[in-house]
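# Close look at the chain arrangement
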Amino acid sequence: MTKLQKQLAENIRFYRKKKGMTQENLAEKVGTATNYIGTIEIGKKFPSPKMIERIACALEVDELSLFSENIYNLTNEDVKKIESNLIEKLAQTIEDTFKDIIKM
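Residues numbered from 1 in each chain as written. Predicted model: local features only at pLDDT ≥ 70, side-chain atom pairs only at ≥ 80, totals over all residues. Heavy atoms only, no water.

Moving on to the pattern of salt bridges. Pairing between side chains of opposite charge can happen when their charged atoms approach one another. Inspection of every chain in the model, using the stated rule, returns seven salt bridges. Glu41 is paired through a salt bridge with Arg13; the nearest N and O atoms lie 4.0 Å apart. Placement of the pair is Glu41 in helix α3 (residues 34-41) and Arg13 in helix α1 (residues 3-18), with a sequence separation of 28 residues. For Glu41, a relative accessible area of 1% puts it in the buried group. (Salt bridge = Lys/Arg side-chain N within 4 Å of Asp/Glu carboxyl O. Helix = DSSP H or I, 4+ residues; strand = E, 2+ residues; numbered from the N terminus. Buried < 20%, exposed > 50% of the residue type's maximum accessible area, 1.4 Å probe, protein only.)

Within helix α4 (residues 49-59) the residues assigned to the buried category are Met51, Ile52, Ile55, Ala56, Ala58 and Leu59. Within α4, the buried residues cover an arc of 160° as seen down the axis, which keeps them to one side. Away from the buried face of α4 by more than 90 degrees, exposed residues Pro49 and Cys57 are located. Looking at the buried side of α4, the elements it contacts are α1, α2 (23-30) and α3. Looking one or two places after α4, you find Glu60, whose phi comes out positive at around 60°. (Arc of directions from axis to C-beta. Contact = heavy atoms within 4.5 Å.)

Another aspect to go through is α2. Along α2, the residues classified as buried are Leu26, Ala27 and Val30. Buried residues of α2 fall within an arc of 100° about the axis and therefore sit on the same side. Exposed and facing more than 90 degrees away from the buried side of α2 are Glu28 and Lys29. Of the surrounding secondary structure, the elements contacted by the buried residues of α2 are α1, α3 and α4. Following α2 by one or two positions, Gly31 adopts a phi angle in the positive range, close to 75°.

The following block contains the structure:
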């Protein structure tokens, strides 16, 4: 199993459980067999791009988040801190850019 396949398997399982869904529920939503979802979640199968899109839609996440690392340890507070830092850095960058433009 590749690192990417392992990450996808773990994230699908994580998001499915977070939504309180069973493998059967997810399979119904994406139109596939329950055992296929199981084989994806243990990393035996790698779904097609279309299936990844359908799974992401059913889990109400974007496709790229199914491949993201370290999603398990982030709390809402962590996410808010990250967002706040990004907004501060962006605001500082914009301010610095305008100062540079004014100097020209």
